[in-house]
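Spelled out, the chains give:
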Amino acid sequence: MAETPDAKDLERELKKKEKAREKEEKKLKALEKAKKLQAQAAASDGSKKEKKVKKRVTEDENPEDYIDPLTPDGEKKQLSSQMAKQYNPSVVEKSWYAWWEKSKFFVADENSSKSPFVIVLPPPNVTGALHIGHALTAAIQDAIIRWRRMSGYNALWIPGMDHAGIATQVVVEKKLMRERKLSRHDIGREDFVAEVWKWKDQYGGTILTQERRLGASLDWSRECFTMDEKRSVAVTEAFVRLHKEGLIYRDNRLVNWDCTLRTAISDIEVEHKELKEETFLKVPGYSMPVQFGVIISFAYPLEGGLGEIVVATTRIETMLGDVAIAIHSEDERYKHLHGKYAVHPFNGRRLPIICDNDLVDPSFGTGAVKITPAHDPNDFEVGKRHKLEFINIFTDDGRINRNGGPQFEGKPRFEARVAVIEALKAKGLYRDCQKNEMNLGICSRSNEVVEPMIKPQWFVSCDEMARLALEAVKSNKIEIIPQQYQDDWFRWLNNIRDWCVSRQLWWGHRIPAWYVTLEDDPIKDMGSYNDHWVVARNEMDAISEAKSKFNGKEFKIAQDPDVLDTWFSSGLFPLTTLGWPEDTADFRAFYPTSVLETGHDILFFWVARMVMLGMKLGGDVPFRKVYLHPMIRDAHGRKMSKSLGNVIDPLEVINGISLENLHKRLEEGNLDPSELAVAKEGQKKDFPDGIAECGADALRFALIAYTAQSDKINLDIQRVVGYRQWCNKLWNAIRFAMAKLGDNYTPPASISLQTMPPVCKWILSVLNKAVLKTVSAMESYKFSDATSAVYFWWLSQLCDVFIEAIKPYFFNDSKEFESQRAASRDALWICLDTGLRLLHPFMPFVTEELWQRLPQAEGSCRKESIMISDYPSAVEEWTNDQIENDMKIVLEAVTKIRSLRPATDKNEKRAVFALCRALKARDLIENYEFLITTLASLSSIIYQDFW
């Protein structure tokens, strides 16, 4: 039965009364607590004034005073009147980012007179979701950019997104098949591309929203997409210019071919699976597992009745494309075969016996090597050296074509593998099968076994540009950090091969090349004549080019259906994000950028290509420094893998997650039952209680601290939890400070160091050291050292020593400690203000919240946000080496005294005997007696002289 309006009103009234009753109960509890505290205060030695303060605080305490009021989206966060008694990351990290962004604190000014400092965010894939590698990138780059912004630079951090050709096309193709049972070929190119754009607008770019959760202070006003209009124009311009200079050309060359996706793929999309022995693997399109990890020997009959020659291969089906057999010229076994021929058993092809000492190792196997130039990288080079025929035996989808012979034509390649073996056995030519260690190339997008295949493609000639990139590092125009990766740079670029930039996809930048079919061409198929291509910015320019090239002839033109490799557009990213090829204000102000920060695994695939294209097209290196961060593994040093259950989602670390929900995430994936069981067991072992809520600040700080491991990071979530607990220490330090500073405290415009107690002089001196160490570490890209310096000062010097040391000054309002109290307040305020600014680049949320609570200095015009305030710099007069040396001895003595205290001692204050070997030592202990008794919890120090 539906509720009547009266019933609804009654229910609302009851709820209202219930809330009022609960509020009244809370007030009564607070009053009871106040009475207890009042009784304790009356029994204490505190002054009447302190008792009144305690009474007032407890009686007036209201739970709502500890809850932040609701902040409208984009407005400055409204803080509770009282600080919560415990740090809560989800509460602290709420609202600040929207305010920073709306206030345009992230936006750089192209007309500013400040020195520019520019970082381009490596554009994440449009299909991507935030993973722990992205979190590391964001944490490091945001720390750099916030530090530089606070240090007076015109700091620009540019966000962008990559269209991710293969990855995105695969996602949308699967969606089409799942939802409509259609392939892209069923709906056609135009409609498929429209589907991809629709998907991009609806789902793409989630990762950039997630970057905000990490606190990434990106200039969103300059956000770009590699396939937006401006970037597309720039990509076309780059292709046309490079082609005109002869640096882009079309040729038949060997590429990595994916028979499922039917496209060439880049080396970075090929994952290598190590096989130690015979292994049967699932391959897309095959119902039965396929055999790998073996090497098969078979014999070729020799022409003229000279017997046979035995060769071996791991890919027996490729023998259908064999065109020669290579031997070593000095191999005595085969000297009589120089210039002779073998005969192919299935097609009668004559296979010359050639000598190639570069390829053949006489001590390996039989010392004879079958040569298939169209399907093997080494054989391809042999084919070029000896001018052999290149015979492709595969169709685009991996079936045997007519070049493989009628006996095998139409068979999928791995079915042909079995058929070839049976046919060799039938002819008595099969010899042996042995286990063989091998690296099997598998496409990371489709799980297809990669097939080396000769294809007509567009290539970028890299030799000239690689020389410029090599020289840029040698001459220090570009500095690579850590330096160990310079050797990789030199090795790769000294051995660079031309870059295949065409992909047989529909999603991507269409190659700006048109094929010209002449009316009198005997063969009309596209691509039949390599000299019939024209490259232009648009179709009208292409027609003009064709008229000029084929003057007076009748022709038709058709644009190349292929698209460009995604790495081509991302290689132009530092240029195109700033407006190239136009002469924009951004390009003049911000190119070249300052630093490129990324993972060391894409030093060649992305970084080197940006340098080559930037120098060639932009006239200068695209960045002055390259910082390469480590790869993240799990706590046990294993690569993160869904099948191991050790993949860490940064948002789950930030927000926390139960073990049950970790398991649920696995179940939503595509693991088979056995893999799922292993993965769940791994999660249960590593995260028995799930993952505690850590917050973005703790995760960021932990990831940056881990960069000391320069090659791999073994990420232990418990370390992140530890930094979350440290945030609680910071929180409590500010709570203590706010209580001791009082509501009416105003920081002075200047301080008098001379009149301060030694511990105040000491904390300012070591703060100076922390500032110098942090800035020096940031400048030298030793981020782990920077976090260590900040962490040590906050935890070991401020919280563990200084705050504990000054507590007795605030036990009561006696005149005895009046000057010490005043000095301690000033020193404490300086420490908190400076310390929070020092920490801000690493932990932006908690530092903003705590800094906003600090009172404002007298006569100062404080910035609206900590993120646009000045980064700390050393204050010369604070440095006091003598005080630091004295305190080192004092703190060592305190540590020793604490270690002597019995484990059963329950905070009982005891006397200690001090045996001094010299008068100077006794003077030191006497001067710091109050501090020592406070920190070591002593009743007194009894001196005994050694002399």
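Residues numbered from 1 in each chain as written. Predicted model: local features only at pLDDT ≥ 70, side-chain atom pairs only at ≥ 80, totals over all residues. Heavy atoms only, no water.

S.K.: Explain the environment of P406 to me, please; I cannot follow it from the model alone.
M.R.: Checked against the element boundaries, P406 lands in the loop between α11 (377–386) and α12 (413–426). We classify P406 as exposed; its relative accessible area is 79%. Taking the C-alpha atoms as reference, P406 lies 9.4 Å from N347; in sequence the two are 59 residues apart. (Helix = DSSP H or I, 4+ residues; strand = E, 2+ residues; numbered from the N terminus. Buried < 20%, exposed > 50% of the residue type's maximum accessible area, 1.4 Å probe, protein only.)

S.K.: I keep staring at the environment of R413 and nothing clicks. Help me out?
M.R.: When you line up the elements, R413 lands in helix α12. Its relative accessible area of 1% is what places R413 among the buried residues. Non-local contacts of R413, meaning those with residues more than four positions away in its chain, are made with C259, Y286, E317, F394, G398, R399, E448, V449, V450 and E451. (Contact = heavy atoms within 4.5 Å.)

S.K.: In this structure, what is going on with the confidence of the model for the protein? I would like to understand it.
M.R.: Reading fine detail from the predicted coordinates is not recommended where pLDDT is low. Overall, the predicted model of the protein reaches an average pLDDT of 90, with 93% of residues at or above 70. Here residues 1–11 is a poorly scored stretch, pLDDT under 50, and it has 2 contacts once near neighbours within four places are set aside; other chains count. Low confidence marks residues 33–58, where pLDDT is under 50. Its contacts with residues over four positions away, or in another chain, come to 17 contacts. (pLDDT = per-residue confidence, 0-100.)

S.K.: I tried to follow the sheet that holds strand β13 (residues 341–343) on my own but got confused; where do I start?
M.R.: Sheet strands pair by backbone hydrogen bonding; their relative direction is either parallel or antiparallel. Within the open sheet, the 4 strands sit side by side as β13-β14-β12-β15. Their pairing is mixed. A single partner strand is all that each edge strand has here, and the edge strands are β13 and β15 (369–371). Averaged over all adjacent pairs, the angle separating strand axes in this sheet is 30 degrees, with direction ignored. Bridge count for strand β12 (residues 324–327) against strand β14 (residues 350–355) is 3 bridges, and the pairing is parallel. Its bridge partner lying in β14, I327 is registered against C355. (Pairing = 2+ DSSP bridges. Axes fitted to C-alpha atoms, helices over the stretch in contact; angles between N-to-C directions.)

S.K.: I keep staring at the side chain of R315 and nothing clicks. Help me out?
M.R.: Relative to the assigned elements, R315 resides in the loop between β11 (308–313) and β12. Aside from chain neighbours lying at most four places away, what touches R315 is H375, D376, R417, E451 and P452.

S.K.: How do you make sense of the packing of helix α25 (residues 758–779) against helix α27 (residues 818–839) when you look at a structure like this?
M.R.: Packed helices, taken two at a time, are described by the angle their axes make and the gap between the axes. Where α25 contacts α27, the axes come no closer than 10 Å and their chain directions differ by 10 degrees. By the criterion of interaxial angle, the relationship of α25 to α27 is roughly parallel. Of the residues in α27, those touching α25 at C760, I763, L764, L767, A770, V771 and T774 are A823, S824, A827, I830, C831, T834 and L838. Taken together, the residues of the contact of α25 with α27 sort by class into 11 nonpolar, 3 polar and no charged. (Parallel < 35°, antiparallel > 145°, perpendicular 65-115°, else oblique. Nonpolar A, V, L, I, M, F, W, Y, C, P; charged D, E, K, R; others polar.)

S.K.: Help me understand helix α30 (residues 919–927), please; the structure alone is not making it clear to me.
M.R.: Those residues of α30 not exposed but buried are R922, L924 and I925. One face of α30 carries all of its buried residues, which in axial projection span an arc of 160 degrees. Of the residues in α30, the exposed ones pointing more than 90 degrees away from the buried face are L919, K920 and N927. The inward-facing, buried residues of α30 abut α29 (881–900), β30 (910–916), α31 (929–935) and β31 (938–945). (Arc of directions from axis to C-beta.)

S.K.: So what exactly am I meant to see when it comes to the nonpolar core here?
M.R.: One recurring pattern in soluble globular proteins is that nonpolar side chains are buried together. Among the nonpolar cores identified, the biggest contains 155 residues, and L715, W794 and F842 are the most heavily contacted of them. Core analysis: the next-biggest nonpolar cluster, separate from the first, contains 66 residues, L156, V240, M465 and M610 among them. (Core = buried A, V, L, I, M, F, W, Y, C linked by side-chain atoms within 4.5 Å.)

S.K.: Where do I start with empty space enclosed by the protein in this structure?
M.R.: To find the voids left in a structure, one rolls a probe of water-molecule size over its atoms. A complete count under the given rule lists 1 cavity of 30 Å³ or more for this structure. Its volume calculated, the largest cavity comes out at about 60 Å³. What lines the largest cavity is H163, G165, I166, E269, R503, L505, W507, G508, V563, L564, D565 and T566. Looking at the lining of the largest cavity, the elements with two or more residues in it are α6 (165–180) and β25 (563–564). Residues belonging to the lining of the largest cavity are distributed by class as follows: 5 nonpolar, 4 polar and 3 charged. (1 Å grid on protein atoms, 1.4 Å probe; cavity = no way out; pocket = protein on both sides within 12 Å on 5 of 7 lines; lining within 4 Å. Points joined across faces, edges and corners; volume = space filled by probe spheres on them.)

S.K.: For this particular structure, what's the right way to read the pairing of strand β10 (residues 294–301)?
M.R.: Remember that side chains alternate between the two faces of the sheet whenever the strand is regular. With 7 of its 8 residues buried, β10 lies for the most part within the structure. Across 5 bridges, the pairing between β10 and strand β16 (residues 430–435) is antiparallel. Bridge assignment links I296 to a residue of β16, and that residue is C433. Pairing of β10 with β11, which is carried by 6 bridges, proceeds in the antiparallel orientation. By the bridge assignment, Y300 is partnered in β11 with I309. Turn length for the β10-β11 hairpin, with the two strands adjacent in sequence and antiparallel, is 6 residues, and the turn residue G304 shows positive phi of about 80 degrees.

S.K.: Looking at this model, I keep getting lost on the packing of aromatic side chains. Mind explaining?
M.R.: Between two aromatic rings, the relevant description is the distance of the centres plus the angle of the planes. Under the counting rule described, the total for this entry stands at 40 aromatic pairs. Judged by centre distance (5.1 Å) and plane angle (65 degrees), the rings of F298 and Y300 are edge-to-face. The two residues F298 and Y300 agree in class, both being buried. Of the aromatic side chains, those joined through ring pairs into one cluster are F239, W458, W499, Y515, W533 and F568. It is K455 that lies over the ring of W257; its NZ or CZ is 4.6 Å from the centre. The positively charged end of R719 is found above the aromatic ring belonging to Y706, 4.3 Å away from the centroid. (Phe/Tyr/Trp six-rings, centres within 6.5 Å; stacked < 30°, edge-to-face > 60°. Lys NZ or Arg CZ within 6 Å of the ring centre and 35° of its normal.)

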